[in-house]
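# Structural overview
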Amino acid sequence: MENYIKLYEATRKKLKAYQYFGWLMGWDQETEAPELSVVHRTKQFQVLAEEAYMLQSNPSFMEAIEKLYENKEQLDPDFRVEIKNAFKELRMVKKVPKDELIAYQVLTSQASQIWAKAKNEDNFEAFEPTLEKIVEFNKKLVKYLETDEMKGYDILLDMYEEGFGVKEYDLFFNTLKDELVPFVLEVTKNNNQRFSRKLTKSVWPIDKQREFSKYLLEVFDYDQKRGLLKESAHPFTSGVSTSDTRITTHYHEDNPVSAIFSTIHEMGHGIYELQCDPKYDDTFLHGGTSLGIHESQSRMAENMLGRSLSFWSVHYPKLVELFPKQLKGIDVQEWVRFINQAKRSLIRIEADELTYSLHVMVRYEIEKMLISGKLKVKDLPKKWKTLMGQYVGMKPKTDKEGVLQDIHWSGGMIGYFPTYALGSAYAAQIYESMNLEFNIDEALRNNDIKKINAWNKEHIHQFGRTKTPKEILMIATNQEFNPQYFVNYLKKKFSN
Ligand code: ZN
């Protein structure tokens with residue numbers, strides 16, 4: 001056992017270093033690197049990736065993981081979780097024929113370009129054969145990986161959110177279908193909100209927006225000795241340890257709202273990673289436990305804290321100070337109404353808080369049918385339109401604004417989308433639980449987000465990846481996942 005632990009730890013140390021260099025290159029690529037640096041960088045990156053793959057697939061390393069897994073009861077609890085995860089990842093190498101796996105990796109590495117072109121030209125047929133192959137591989141994959149306990153689409157869903165399968169998601173989405181869909185149609189039908197032209201037609205200088213983002217870093221107590229904020233085309237968070245977690249935002253001169261909420265959203269992700277217990281930094285247990293729990297932290301920061309009247313009652317004066325002309329005569333109530341508009345949209349990433357999860361539901365239903373064989377790839381565009389009409393109340397005229405809008409399927413990410421909606425629902429449940437311990441609105445009015453961060457650290461962040469999403473929910477809220485919190489939250493907010 002001792003020898004296996006030593007071997008595992010020595011390999012992990014190297015893999016962590018490779019991961020670090022890859023991470024740094026990725027950050028540089030998205031934020032700083034000049035356009036033409038890509039070819040040279042890719043060559044260096046491939047060398048790193050091959051070295052890391054050789055370490056990972058080294059038979060003695062894989063044997064160490066298997067032996068440690070067989071004797072997992074003797075390991076300390078955190079290390080046991082790490083070995084359990086490592087053993088799970090070995091499934092791919094052990095159960096899927098190598099040539100099929102490599103062919104699939106080649107296919108998905110080329111597919112995003114085919115997808116991008118098809119989307120640009122609004123031509124689903126150009127993407128159809130590629131998507132067909134991706135779906136076929138995933139149908140085979142679930143056969144290779146199935147066990148007595150887990151089969152079909154559940155296997156793909158579990159890869160992104162451990163313990164969440166069709167049973168859990170059906171419960172979630174059926175609640176949305178029964179309660180949220182009719183509510184949304186009602187709210188958006190009577191929607192005749194008007195806003196001052198100042199809000200919709202002004203120019204918002206980017207240097208002032210940058211200043212406000214910096215101010216927000218202070219407000220959320222985002223530690224700038226261990227993190228920083230830059231700019232990129234699509235905002236993201238990139239963390240490697242509790243001493244280095246970086247975020248980006250994106251500024252638009254005609255719209256200040258986008259950057260404000262991108263910055264807050266990414267800070268929610270970033271604070272999660274920074275508040276992990278530092279003892280996990282040198283292990284594979286650092287970071288968020290799942291996509292859903294990660295998203296719960298960003299959505300809570302963005303929507304539940306950042307879009308509230310309590311928050312802006314403190315911070316609106318600062319915004320007015322930076323944009324006196326643009327906000328002249330606009331009071332804080334109008335501003336808060338403006339940033340909480342309910343508006344239906346065809347595009348998921350432009351959707352508001354109210355309808356976002358319904359966009360996700362369309363994708364969930366489709367993936368479920370594709371993997372079970374009830375829906376053929378060629379019938380996707382038609383199905384998409386029907387479901388969008390039923391759930392969101394709008395049908396796209398083109399596939400560009402419909403089934404071709406997201407990149408995910410071209411990368412083979414089937415089972416990923418549902419975590420986006422789950423994050424908001426987790427957030428509503430976690431918020432209620434936190435609010436039982438102290439009044440969150442009061443903390444916001446006292447400009448005391450530290451208190452909220454501390455609660456999240458204690459109940460969620462510190463554990464890193466040592467707990468599953470279900471365990472985290474139990475620790476943070478004392479109960480199992482319950483989507484009713486989310487529906488109640490939305491109904492209360494958007495009835496006003
Ligand atoms: Zn996010």
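None of the values given here were measured: they were computed from a predicted structure.

## Things to note about the overall build of the chain
The secondary structure content of the chain amounts to 21 helices and 3 strands. Computed over the C-alpha atoms, the radius of gyration of the chain is 23 Å, within 12% of the 23 Å expected from 2.2 N^0.38 for a compact globule of 496 residues. Judged by the C-alpha coordinates and their principal axes, the chain covers about 70 × 50 × 50 Å. Burial analysis of the chain (496 residues in total) assigns 51% to the buried set. Partitioning the intrachain contacts of the chain with sequence separation of at least 6 by distance along the chain shows that 72% fall at a separation of at least 24. When the accessible area of the chain is evaluated, it comes to approximately 24100 Å², of which 51% is carbon and sulfur surface.

## A word on the environment of Met-474
Note on placement: Met-474 falls in helix α20 (residues 469–477). Considered as a pair, Met-474 and His-459 are 15 residues apart in the sequence and their alpha carbons are 9.5 Å apart. If we skip the residues at most four places from it in the chain, Met-474 touches Gln-479 and Glu-480.

## Comments concerning the sheet that holds strand β1 (residues 229–231)
The strand order β1-β3-β2 describes an open sheet built from 3 strands, whose pairing is mixed. Edge strands, defined here as strands with exactly one partner in the open sheet, are β1 and β2 (237–241). This sheet shows a mean twist of 25° between the axes of neighbouring strands, independent of strand direction. Helix-sheet contacts for helix α11 (residues 256–274) involve β1, β2 and β3 (244–249), and the interaxial angle to β3 is about 165°.

## Considering the pairing of β2
Direction of pairing for β2 relative to β3: antiparallel, over a ladder of 4 bridges. From the neighbouring strand, Gly-239 faces β3, where its bridge partner is Thr-245. The antiparallel pairing of β2 with β3 creates a hairpin that spans 2 residues between the two strands.

## Remarks on the domain arrangement of the chain
Interface size, as often reported, equals the accessible area lost upon joining of the parts. Examined at the domain level, the chain breaks down into domain 1 (2–146) and domain 2 (166–495). On a C-alpha basis, the centroid separation for the pair domain 1 and domain 2 is 27 Å. Each partner contributes to the interface: domain 1 provides 36 residues, whereas domain 2 provides 41 residues. In total, about 3400 Å² of surface goes out of reach between domain 1 and domain 2, with carbon and sulfur atoms giving 66% of it. Summed over the three residues of domain 1 that lose the most area to domain 2, namely Trp-23, Trp-27 and Phe-124, the buried surface amounts to 22% of that side. Scanning the region where domain 1 abuts domain 2 turns up 2 salt bridges. In this assembly, domain 1 and domain 2 are joined by 12 residue pairs in polar contact (both at pLDDT 80 or more). Taken together, the elements giving at least two residues each to the side of domain 1 that touches domain 2 come down to α1 (2–31), α4 (77–95), α5 (98–120) and α6 (124–145). Here the residues of the side of domain 1 that touches domain 2 sort into 17 nonpolar, 8 polar and 11 charged.

## Considering unusual backbone geometry
Phi at Asn-447 takes a positive value of approximately 55°, unusual for a residue other than glycine. Within the secondary structure, Asn-447 is located in the loop between α18 (440–445) and α19 (449–459). Backbone geometry places Asn-478, a non-glycine residue, at a positive phi of 65°. A relative accessible area of 69% means that Asn-478 is categorised as exposed.

## Some remarks on the environment of Asp-28
Mapping Asp-28 onto the fold places it in helix α1. Relative accessible area serves as the criterion here: at 32%, Asp-28 is assigned to the partly exposed category. Excluding anything up to four places from it in sequence, Asp-28 contacts Ala-33 and Arg-41.

## Focus: the nonpolar core
Core analysis: the largest hydrophobic core is formed by 123 residues, its most contacted members being Phe-172, Phe-220, Trp-312, Trp-335 and Leu-380. Both domains that furnish three or more residues to this core are identified here as domain 1 (2–146) and domain 2 (166–495). Setting aside residues no more than four positions away along its own chain, Trp-312 makes contact with Phe-212, Ile-260, Phe-261, Gly-306, Arg-307, Pro-317, Leu-319, Val-332, Trp-335, Val-336 and Ile-339. Residues Leu-55, Phe-61, Ile-65 and Phe-79 belong to the second largest nonpolar core, which totals 14 residues.

Thresholds, definitions, all that
- Residues numbered from 1 in each chain as written.
- Predicted model: local features only at pLDDT ≥ 70, side-chain atom pairs only at ≥ 80, totals over all residues.
- Heavy atoms only, no water.
- Helix = DSSP H or I, 4+ residues; strand = E, 2+ residues; numbered from the N terminus.
- Rg over C-alpha atoms; globule rule 2.2 N^0.38 Å.
- Buried < 20%, exposed > 50% of the residue type's maximum accessible area, 1.4 Å probe, protein only.
- Contact = heavy atoms within 4.5 Å.
- Areas by Shrake-Rupley, 256 points an atom, 1.4 Å probe, with all protein chains shown as cover.
- Pairing = 2+ DSSP bridges.
- Axes fitted to C-alpha atoms, helices over the stretch in contact; angles between N-to-C directions.
- Domains from an automatic or database assignment.
- Buried area = accessible area lost by both parts, 1.4 Å probe.
- Salt bridge = Lys/Arg side-chain N within 4 Å of Asp/Glu carboxyl O.
- Polar contact = N/O pair within 3.5 Å; in protein donor to acceptor, adjacent residues only side chain to side chain.
- Nonpolar A, V, L, I, M, F, W, Y, C, P; charged D, E, K, R; others polar.
- Core = buried A, V, L, I, M, F, W, Y, C linked by side-chain atoms within 4.5 Å.

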